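So you can see what is in the structure, the chains are spelled out below.
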Amino acid sequence: MPRTPSRRTALQGLAAGVAVVGFDPFSRSWATTTTRTTGRTLAGLPPLDGSVHTDDASLAADADDFGHIVHRRPAAVLRPGSVRDVVAMVRFCNEHGVSVAPRGQGHATQGQAQVDGGLVIETTPLASIGPVGPGSTTVTVGAGARWSEVARATLAHGLTPPTFTDYLELSVGGTLSVGGLGGQTHQQGAQVDNVTELQVVTGAGDLVRCSPTRHRDLFHAVLAGLGQCAVIVGATLRLVPAPVTVRHYLLPYDDLRTFLDDQRLLVQEGRFDYVEGQVSADADGAFRGYVIEAVAYGPPVGPAPDDTALLRGLRHDPAGVQTSDLGYYDFLDRLAASVAALKEAGLWAFAHPWLNLLLPGRSAATLAESLLADLTPADLGPGVVLLYPVLRKNLHTPLLRTPDDPVSYLLAVLRTTAPDDTATVDRLLAANRAAYDTVHAAGGTHYPVGSVPFGAADWREHFGPVYRRLATARHTYDPRGILVPGQGVF
Ligand SMILES: Cc1cc2nc3c(=O)[nH]c(=O)nc-3n(C[C@H](O)[C@H](O)[C@H](O)COP(=O)(O)OP(=O)(O)OC[C@H]3O[C@@H](n4cnc5c(N)ncnc54)[C@H](O)[C@@H]3O)c2cc1C
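These numbers were taken from a predicted model, which means no experiment stands behind them.

Participant: Any chance you could explain a negative patch on the surface here in plain terms?
Facilitator: A cluster of acidic residues, Asp254, Asp255, Asp261 and Asp317, forms a negative patch on the protein surface. Position of Asp254 relative to the elements: it lies in the loop between strand E11 (245-253) and helix H8 (256-269). Exposure remark for Asp254: the relative accessible area of 70% places this residue in the exposed category.

Right, here's the structure in full:
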């Protein structure tokens, strides 16, 4: 029987042996690699179509994320050349008890895709899309595909996934691991509600197709499952006809309750295809400027938008309304210009201690009022505050936890602050936790993409009635518990 390397040797192998691959791009096999630093012979390392990296730049890049707050350095980074590579490396890590974290675009804000001393699997190379053609009802994509790429490929055939996040440069695997909410969610559900099948590699290293009818327990443990049971390598996404153009409205309000009530009316009636909202500070630094952002799709999906009918009965300030007609993709990608400006100004590299909470509709006004009263422009920085409703009846994914209320409001305080000012970052993290405690006490939930200090007991509480199901799936599919420690769920 071949001798199995110990966990320690395997880790040293990741840390040292793989460097050989980096030095020698023609050497794909680790099978009998002698490491330069330890001189050990590593047995059982799998041959790969892609490559593994241990150079400082690769490790440092994956020890960071969009939050720029948490830094955990992996021992190695896999850039898979195939799904087979993911299977081989997860099996290897499972055998040796090495932790693994898949990483899409690294846009989490609290180290969720980081792994101290383990293996990061960058999913970017797994970015296949298609086939898709006129009349397709679904498209199968690699987990590393970005939503911008999926949209462009499907729009070439007049088709679109029904729901998008505000920012399109996130990976499909990354958003399906958390939920994927946006302005279409009130009608179309979250991105996780629009998946018909997943291809995953379990923590035990098995490649499995799962769906609502096939390995259903795994399907429901992976969607919004924070990577705890399997690495998503492919997803089959629902497609619907796309509009060619849309009409985009900004409707200003000066009263929080009127703003929330009108948003509720709009999502309950389904008058617009997309509804979001923002809160901004006035000259005195008080957050009491409110704007509904609403979008009506044009032909061939809807009729030509009729301003009078769409705005009837709303109580915004009519003098401040802004309307524009946009191509559908330009609307989806509307953040691109601001993101480019933030990058240009160096602000993309600032710390992002984001707060994302779902407020129960029954107490949304009271909660938002008190949370916004505590917010200062300095503590938001050059970020934004989003506040918009989703409807529970259109959210069907068990692990995406929302308040027990027909209408919930996503409150997203997208803070941006200097990364070297750690005292401020720590204070804002504590403020996030206090805000979560207030909202949780009122029946609200954490939308787990932000930076709220959270421990295993919090997660148990968060998942509530579905925690046991998730824990059972974890035990079944990732028996050694190697996947995604950065979420801190188990
Ligand atoms: C600018 C910006 C705008 C955003 N806008 C929205 C929005 O409008 N709506 C919304 O819902 N969210 C939004 N988010 C949050 C975003 O959806 C999540 O942070 C998402 O997880 C990021 O995707 P990613 O590819 O960067 O994932 P990563 O940050 O790389 O990973 C996030 C988590 O998912 C896990 N993971 C990644 N890939 C896989 C995989 N293939 N299989 C299993 N687990 C995996 C990681 O291990 C990690 O735990 C936004 C974030 C940013 C930075």
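Participant: I would appreciate a short explanation of the sheet that holds strand E9 (residues 230-238) in the present structure.
Facilitator: As a general point, the strands of a sheet are linked pairwise by backbone hydrogen bonds and lie either parallel or antiparallel. Reading across the sheet, the four strands line up as E5-E9-E7-E8 and stay open at both edges, with antiparallel pairing between neighbours. In this open sheet, the two edge strands, each paired with only one partner strand, are strand E5 (138-142) and strand E8 (207-210). Strand after strand, the sheet turns through a mean of 20 degrees between neighbouring axes, direction not considered.

Participant: It is not clear to me how the pattern of salt bridges should be interpreted in this structure. Could you clarify?
Facilitator: Pairs may arise between side chains of opposite charge once their charged atoms sit close together. Counting across every chain of the model gives 23 salt bridges. Residues Arg271 and Glu269 are paired through a salt bridge, measuring 2.7 Å at the closest nitrogen-oxygen approach. In this structure, Asp405 and Arg362 form a salt bridge, with 3.0 Å as the shortest nitrogen-oxygen distance. Here Asp405, found in the loop between strand E16 (384-391) and strand E17 (407-414), pairs with Arg362, found in the loop between strand E15 (355-360) and helix H12 (364-373); they are 43 residues apart in sequence, far enough to count as distant. Linked by salt bridges that have partners in common, Arg146, Glu149 and Glu169 make up one network.

Participant: What exactly am I supposed to notice about the packing of H8 against H12 here?
Facilitator: For any two helices packed against each other, one specifies the inter-axial angle together with the distance between the axes. Running from N to C, H8 and H12 cross one another at 135 degrees; their axes reach a closest spacing of 10 Å. Between H8 and H12, the angle is such that the two are oblique. Of the two possible hands of crossing, H8 and H12 adopt the one that is right-handed. The residues of H12 that touch H8, namely those facing Leu256, Arg257 and Leu260, are Ala364, Ala365, Thr366, Ala368 and Glu369. Of the residues in the contact of H8 with H12, the class split is five nonpolar, one polar and two charged.

Participant: Where do I start with the sheet that holds E15 in this structure?
Facilitator: Strand order in this open sheet of eight strands is E14-E11-E13-E12-E16-E17-E15-E18, and the pairing throughout is antiparallel. The open sheet has two edge strands, strand E14 (322-327) and strand E18 (445-446), and neither has a second partner. Where E15 meets E18, two bridges bridge the pair, whose relative direction is antiparallel. Counterpart to Leu357 in the pairing with E18 is His446. Sheet contacts for H12: strand E12 (274-281), strand E13 (287-297), E15, E16 and E17; angle to E15, the most-contacted strand, approximately 150 degrees.

Participant: Can you walk me through the site of the ligand in this structure?
Facilitator: Taken together, 34 residues are adjacent to the ligand, and Pro102, His107, Ser171, Leu181 and Tyr447 come closest. Expressed as a share of its isolated accessible area of 960 Å², the protein-covered part of the ligand is 95%. At the level of elements, strand E3 (100-103), helix H5 (172-176) and E9 are the ones that each hand at least two residues to the shell around the ligand. Looking at side-chain class alone, the shell around the ligand contains 17 nonpolar, 15 polar and two charged residues.

Participant: I would appreciate a short explanation of the confidence of the model for the protein in the present structure.
Facilitator: Interpretation of the predicted coordinates at a detailed level should be avoided for regions scoring low in pLDDT. Residues of the protein with pLDDT of at least 70 account for 91%, and the chain-wide mean is 92. Of the regions scoring below 50 in pLDDT, residues 1-9 engages in 12 contacts with residues more than four places distant in sequence or in other chains. Here residues 16-43 is modelled with pLDDT under 50, and outside its nearest four sequence neighbours on either side it reaches 55 contacts, counting other chains as well.

Participant: Just to check I follow, could you spell out the UniProt feature "domain: FAD-binding PCMH-type" (unreviewed entry) in the protein for this structure?
Facilitator: In the numbering adopted here, UniProt assigns the feature "domain: FAD-binding PCMH-type" (unreviewed entry) to residues 70-242. Across residues 70-242 one finds 23% helix and 24% strand; the C-alpha atoms that close the span lie 39 Å apart.

Participant: Help me understand the packing of aromatic side chains in this model?
Facilitator: Each aromatic ring pair is described using two quantities: the centre-to-centre distance and the angle formed by the ring planes. Enumeration over the complete set of coordinates arrives at 14 aromatic pairs. Their ring planes at 70 degrees and their centres at 5.5 Å tell us that Tyr249 and Phe272 sit as a pair that is edge-to-face. One end of the pair, Tyr249, is in strand E11; the other, Phe272, is in the loop between H8 and E12, with 23 residues separating them in the sequence. On the basis of relative accessibility, which here comes to 0%, the residue Phe272 falls in the buried class. Both rings, one in Tyr253 and one in Phe259, keep their centres 6.0 Å apart while their planes meet at 65 degrees; by these two values the pair is edge-to-face. For Tyr253, a relative accessible area of 6% puts it in the buried group. Residue Phe259 is classed as buried on the basis of its relative accessible area, which comes to 0%.

Participant: It is not clear to me how the pairing of E8 should be interpreted in this structure. Could you clarify?
Facilitator: Two faces make up the sheet, and in a regular strand the side chains alternate between them. Because side chains alternate across E8, one face comprises the buried residues Val208 and Cys210, and the other comprises Leu207 and Arg209, none of which is buried. Sheet topology note: the strand E7 (residues 195-202)/E8 ladder contains four bridges and is antiparallel. Pairing of Val201 across the sheet is with Leu207, part of E8. Between E7 and E8, which pair antiparallel one after the other, the connecting turn spans four residues, and Gly205 there sits at a positive phi close to 90 degrees.

Participant: Would you mind showing me how to read unusual backbone geometry here?
Facilitator: Residues apart from glycine generally show negative phi values, whereas peptide bonds are mostly found in trans. Residues Gly130 and Pro131 are joined by a peptide bond in cis, for which omega reads 10 degrees. For Pro131, the position within the fold is in the loop between strand E4 (119-122) and E5. At the junction of Pro299 and Pro300, the peptide bond is cis and its omega measures out at 5 degrees in the coordinates. On the secondary structure map, Pro300 appears in the loop between E13 and helix H9 (307-311). For His215, which is not a glycine, the phi torsion comes out positive at approximately 45 degrees.

Participant: Would you mind showing me how to read H8 here?
Facilitator: In an α-helix, one turn spans 3.6 residues, which is why side chains three or four residues apart end up on the same side. Over its 14 residues, H8 runs 20 Å from end to end, which matches the ideal 20 Å to within 8%, given 1.5 Å per residue. By the burial criterion, the buried members of H8 are Leu256, Thr258, Phe259, Leu260, Asp262, Gln263, Leu266 and Val267. Phi turns positive one or two residues past the end of H8, at Gly270, with a value near 70 degrees.

What counts and how
Residues numbered from 1 in each chain as written. Predicted model: local features only at pLDDT ≥ 70, side-chain atom pairs only at ≥ 80, totals over all residues. Heavy atoms only, no water. Patch = residues over 30% accessible without salt bridge, like charges linked within 9 Å, V, L, I, M, F, W, Y side chains within 5 Å. Areas by Shrake-Rupley, 256 points an atom, 1.4 Å probe, with all protein chains shown as cover. Salt bridge = Lys/Arg side-chain N within 4 Å of Asp/Glu carboxyl O. Lys, Arg positive; Asp, Glu negative; His and termini not counted. Charge placed at Lys NZ, Arg CZ, Asp CG, Glu CD. Helix = DSSP H or I, 4+ residues; strand = E, 2+ residues; numbered from the N terminus. Buried < 20%, exposed > 50% of the residue type's maximum accessible area, 1.4 Å probe, protein only. Pairing = 2+ DSSP bridges. Axes fitted to C-alpha atoms, helices over the stretch in contact; angles between N-to-C directions. Parallel < 35°, antiparallel > 145°, perpendicular 65-115°, else oblique. Left-handed = near helix turned anticlockwise from the far one by under 90°. Contact = heavy atoms within 4.5 Å. Nonpolar A, V, L, I, M, F, W, Y, C, P; charged D, E, K, R; others polar. Near = heavy atom within 4 Å. pLDDT = per-residue confidence, 0-100. UniProt positions renumbered as here; feature names shortened; annotations may be inferred. Phe/Tyr/Trp six-rings, centres within 6.5 Å; stacked < 30°, edge-to-face > 60°. Expected span 1.5 Å × (residues − 1).

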